[in-house]
Amino acid sequence: MKPAPFEYVAPATLDDAVGALAGEGGDAKVLAGGQSLIPMLALRLARPTLLVDINHIAGLDGLRESAAALEVGALVRQRDLERWAASRSSLFTEVLRHVAHPPIRNRGTVVGNVVHADPASELPALLLCLEGVVVARGPRGERTVTADQLYRAPLTTSLAADEVATSVRFTLPPAGAGWGFAEVSRRHGDFALVGAVAVLARDAGGPVSRARLAFLGAGGTPVRGVAAERILEGNEPTPARLGEAARAAAAALSPDDDIHATATYRRRVAATLAQRTLAAALARCGSGA
Amino acid sequence: MTRKIRLTVNGQEHERAVEPRTTLADFLREDLELTGTHVGCEHGVCGACTVLLDDEPVRSCLMLAVQADSRRITTIEGVAPAEGLDPIQEAFWAKHGLQCGYCTPGIIMSARAFLREHPTPSAEDIREMLAGHLCRCTGYHFIVEAIEAAAQALRSSGPGRAS
């Protein structure tokens with residue numbers, strides 16, 4: 001189908017963009033990469049009266065790395081982050097390779113993917129695993145929302161309709177931490193049926209000092225595997241303990257049944273993927289993330 | 001309400017007034033009558049409408065024509081030299097990389113950028129790239145062979161041909 005008619009503005013400043021959103025009383029949408037929004041317009045699942053195209057706003061295309069964090073501006077395409085990651089982060093490289101396909105990643109933005117809040121999407125789960133934040137600007141100024149507080153339901157975040165997400169900030173894993181990522185999908189580039197991403201750090205050859213695990217496709221939002229994290233932190237990462245942690249995290253999930261997979265299948269696959277990603281993260285400890 | 005846009009398509013500059021809701025795919029096909037860009041699913045899944053935006057492949061059904069203002073677009077009509085076919089088209093012909101041909105323009109546009117970045121791709125690399133393009137005729141096998149043959153032809157013809 002074709003999108004229904006809408007008005008279109010392409011403001012040059014963030015203030016004008018926020019003003020345009022606020023003036024439309026919740027019926028306006030931000031257009032950045034458009035790779036999730038335009039399909040929804042074409043399918044008429046969304047019928048905004050106004051699109052606010054932020055592509056002409058200066059200063060939103062920055063990719064800034066500090067020792068502890070990576071800040072990604074609202075106009076950074078997924079391919080831009082992929083190119084950064086090629087020399088900087090095997091974790092980001094592996095995750096981004098699973099986000100749709102190159103023609104989609106050339107247009108789709110990192111921030112747009114994060115705030116579109118598809119529960120089966122990779123970057124929201126990565127943001128949760130890395131305890132990231134979203135920075136948003138609205139009529140009442142700027143605020144940051146932690147990933148824990150961001151996701152409410154499928155395609156629903158705690159951002160208001162008149163707020164523009166201006167960047168996301170990923171906390172980079174500490175030096176020596178290892179990572180694991182795995183997903184099951186019908187075809188490469190499809191949304192995952194289930195997936196998991198894990199980061200582990202340990203004291204030299206000793207107990208786990210930090211464990212983070214997040215699932216995608218395992219509920220209405222991306223989900224942290226808190227039960228696994230508690231079992232692992234402060235303890236020796238024996239194979240038995242990794243298995244126990246993975247099972248505990250999967251048992252806490254409430255995935256949905258749909259035409260692609262049953263909830264039971266998703267929970268069982270989640271346990272296996274959690275175990276694999278934790279084991280992969282452990283194996284990479286010391287070799288860098 | 002329409003907006004005026006000016007853009008370069010296959011080396012030629014065009015200026016048109018477009019409705020904001022017009023996708024780049026519909027603009028190319030209906031306003032510029034460049035019907036080589038095919039429209040399959042109209043929501044970004046099938047890959048048939050893939051064109052190059054400043055040399056990078058994008059789905060033209062997932063971009064508004066107004067967003068292509070002042071940009072440079074290449075479609076399948078801009079691929080072949082004045083005489084004959086370009087090496088990727090040639091390889092698809094030689095290897096039977098198409099049957100009905102509906103998906104072919106999109107695959108060729110993706111393959112141009114892909115082979116620029118991966119001059120010596122493995123069959124697995126090619127299959128991963130093709131996951132973004134639906135073909136219901138060939139079973140993909142001959143498409144993989146065509147892209148392997150194109151890679152070889154481009155390597156032996158020197159750099160710069162697939163840009």
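None of the values given here were measured: they were computed from a predicted structure.

A few words on the overall build of chain B. Helices and strands together make up the secondary structure of chain B, namely five helices and five strands. Traced from its N-terminal end to its C-terminal end, chain B shows the element sequence β-β-α-β-β-β-α-α-α-α. Relative to the compact-globule value of 15 Å for 163 residues, chain B shows a C-alpha radius of gyration of 16 Å, a close match. Principal-axis analysis of the C-alpha atoms gives chain B an extent of 50 × 30 × 25 Å. When each of the 163 residues of chain B is scored for burial, the buried share is 47%. In chain B, 61% of the contacts between residues at least 6 apart in sequence involve partners at least 24 apart.

Side chains of nonpolar character tend, in soluble globular proteins, to be buried together. Residues and elements named next belong to chain A. One finds Ile 54, Leu 200, Leu 213, Ala 228, Ala 270, Ala 274 and Leu 278 to be the most contacted residues of the largest nonpolar core, which totals 143 residues. In terms of residues, this core owes the most to one element, helix H11 (residues 263-284), which gives eight residues. Other than its neighbours up to four places away in sequence, Leu 213 contacts Cys 129, Ala 196, Ala 198, Arg 224, Gly 225, Ala 228, Glu 229, Ala 249, Ala 274 and Leu 278.

Regarding helix H4 (residues 123-130) of chain B, the residues found buried are B:Ile126, B:Met129 and B:Leu130. Projected down its long axis, H4(B) carries its buried residues within an arc of 95°, all on one side. Buried residues along H4(B) sit against helix H5 (102-107) of chain A together with helix H3 (104-117) and helix H5 (141-156) of chain B.

It is worth spelling out the packing of helix H3 (residues 78-88) of chain A against helix H4 (residues 90-97) of chain A at this point. All names here are of chain A. One can describe the packing of H3 onto H4 by two numbers: an axis separation of 8 Å at closest approach and a directional angle of 145°. H4 is crossed by H3, and the crossing has left-handed handedness. Where H3 abuts H4, its residues Gln 78, Leu 81, Glu 82, Ala 85 and Ala 86 lie against Phe 92, Thr 93 and Leu 96. Its residues assigned to classes, the contact of H3 with H4 shows five nonpolar, two polar and one charged.

Okay, the sheet that holds strand S14 (residues 223-224) of chain A next. If you walk across this open sheet you meet the four strands as S11-S12-S13-S14 (chain A), and the pairing is antiparallel. Only two strands of the sheet have a single partner each, and these edge strands are strand S11 (178-184) and S14 of chain A.

Bringing the interface of chain B and chain A into the picture now. For an interface, size is often stated in terms of accessible area lost upon the parts coming together. Contact residues are listed per partner, giving 20 residues for chain B and 25 residues for chain A. Those elements that provide at least two residues to the side of chain B that touches chain A are strand S4 (56-59) and H4 of chain B. Sort the elements by how many residues they give to the side of chain B that touches chain A and S4(B) lands first, with four residues. In the side of chain B that touches chain A, the residues fall into nine nonpolar, six polar and five charged.

Below, the discussion takes up the confidence of the model for chain B. Of all residues in chain B, 96% have pLDDT values of 70 or greater, and the mean over the chain is 95. Both scores are available for the predicted complex, with the pTM at 0.95 and the ipTM at 0.94.

What follows concerns unusual backbone geometry. Phi at A:Ala117 is positive, roughly 65°, even though this residue is not glycine. Its 22 C-beta neighbours within 10 Å are what place A:Ala117 among the buried residues. Positioned with a positive phi, B:Asn10 is a non-glycine residue whose angle comes to about 50°. Taking the C-beta count within 10 Å as the criterion, B:Asn10 has 18 such neighbours and is therefore assigned partly exposed.

This part is about the pairing of strand S1 (residues 3-9) of chain B. Residues and elements named next belong to chain B. Here S1 runs beside strand S2 (residues 12-18); their pairing, made up of seven bridges, is antiparallel. If you follow Arg 3 over to S2, its bridge partner there is Val 18. Where S1 meets strand S5 (residues 72-74), two bridges bridge the pair, whose relative direction is parallel. The partner of Val 9 across the bridge, within S5, is Ile 73.

So, on to H11(A). Residues and elements named next belong to chain A. Taking 1.5 Å of rise per residue, 22 residues should cover 32 Å, and H11 covers 31 Å from first to last C-alpha, within 8% of that figure. The complete set of buried residues in H11 reads Arg 266, Val 269, Ala 270, Ala 271, Leu 273, Ala 274, Gln 275, Thr 277, Leu 278, Ala 281, Leu 282 and Arg 284. Buried residues along H11 sit against S11, strand S12 (194-202), strand S13 (208-216), helix H9 (226-232) and helix H10 (239-251). One or two steps after H11, the chain reaches Gly 286, where phi turns positive at roughly 95°.

Whenever strands of a sheet pair, they do so through backbone hydrogen bonds, lying parallel or antiparallel. Residue and element names in this part refer to chain B. Within the open sheet, the five strands sit side by side as S2-S1-S5-S3-S4. Their pairing is mixed. Bordering the open sheet on either side are S2 and S4, each of which pairs with just one other strand. Taken pair by pair, the neighbouring strands of this sheet meet at an average axis angle of 40°, ignoring direction. As defined by bridge partners, strand S3 (residues 50-53) adjoins S4 across four bridges and the pair is classed as antiparallel. Following the sheet pairing, Val 51 is matched in S4 by Val 58. Sitting on the sheet, H3 is in contact with S3 and S4, with an inclination near 35° to S3.

So, on to the packing of helix H2 (residues 87-94) of chain B against H5(B). All names here are of chain B. Taken N-terminus to C-terminus, the directions of H2 and H5 make an angle of 140°; their axes are 8 Å apart at the nearest point. Considered as vectors, H2 and H5 are oriented oblique to each other. In terms of crossing hand, the pair formed by H2 and H5 is right-handed. Across the interface between the two elements, Pro 87, Ile 88, Glu 90, Ala 91, Phe 92 and Ala 94 of H2 pack against Ala 146, Ala 149, Ala 150, Ala 153 and Leu 154 of H5.

Conventions adopted
Residue indices begin from 1 for each chain and proceed along its sequence in written order. By the order in which they are written, chains take letters starting at A while ligands take numbers starting at 1. For a predicted model such as this one, the threshold for reporting local features is a pLDDT of at least 70, and the threshold for listing and counting side-chain atom pairs is 80 or more; totals across whole chains, interfaces and linings nevertheless cover every residue. Numbering of helices and strands starts at the N terminus; helices are DSSP runs of H or I of at least 4 residues and strands are runs of E of at least 2. We take the radius of gyration over the C-alpha atoms and set the globule estimate at 2.2 Å times the residue count to the 0.38 power. Working definition of burial: number of other C-beta atoms within 10 Å of the residue's own, with buried at 20 or more, exposed at 12 or fewer, and partly exposed in between, all C-beta atoms being placed from the backbone. By the convention adopted here, residues are in contact when the distance between their C-beta atoms, placed from the backbone, does not exceed 7 Å. When buried Ala, Val, Leu, Ile, Met, Phe, Trp, Tyr and Cys residues are joined through C-beta atoms within 7 Å, the set is termed a nonpolar core. Directions drawn from the helix axis to the C-beta atoms are what define this arc. Lines fitted to the C-alpha atoms define the axes, with helices restricted to the stretch that makes contact. Angles between their N-to-C directions range from 0 to 180 degrees. In this scheme the crossing of two helices becomes right-handed for a clockwise turn of the near helix relative to the far one and left-handed for an anticlockwise turn of less than a right angle. Polar here means any residue other than Ala, Val, Leu, Ile, Met, Phe, Trp, Tyr, Cys and Pro, which are nonpolar, and Asp, Glu, Lys and Arg, which are charged; Gly is therefore polar. DSSP calls a pair of strands paired once it identifies at least 2 bridges connecting them. By definition, pLDDT measures how confident the predictor is in each residue, and it falls between 0 and 100. A helix is expected to span 1.5 Å for every residue after the first. Should an angle lie under 35 degrees it is considered roughly parallel, over 145 roughly antiparallel, and from 65 to 115 roughly perpendicular; all remaining angles are considered oblique.

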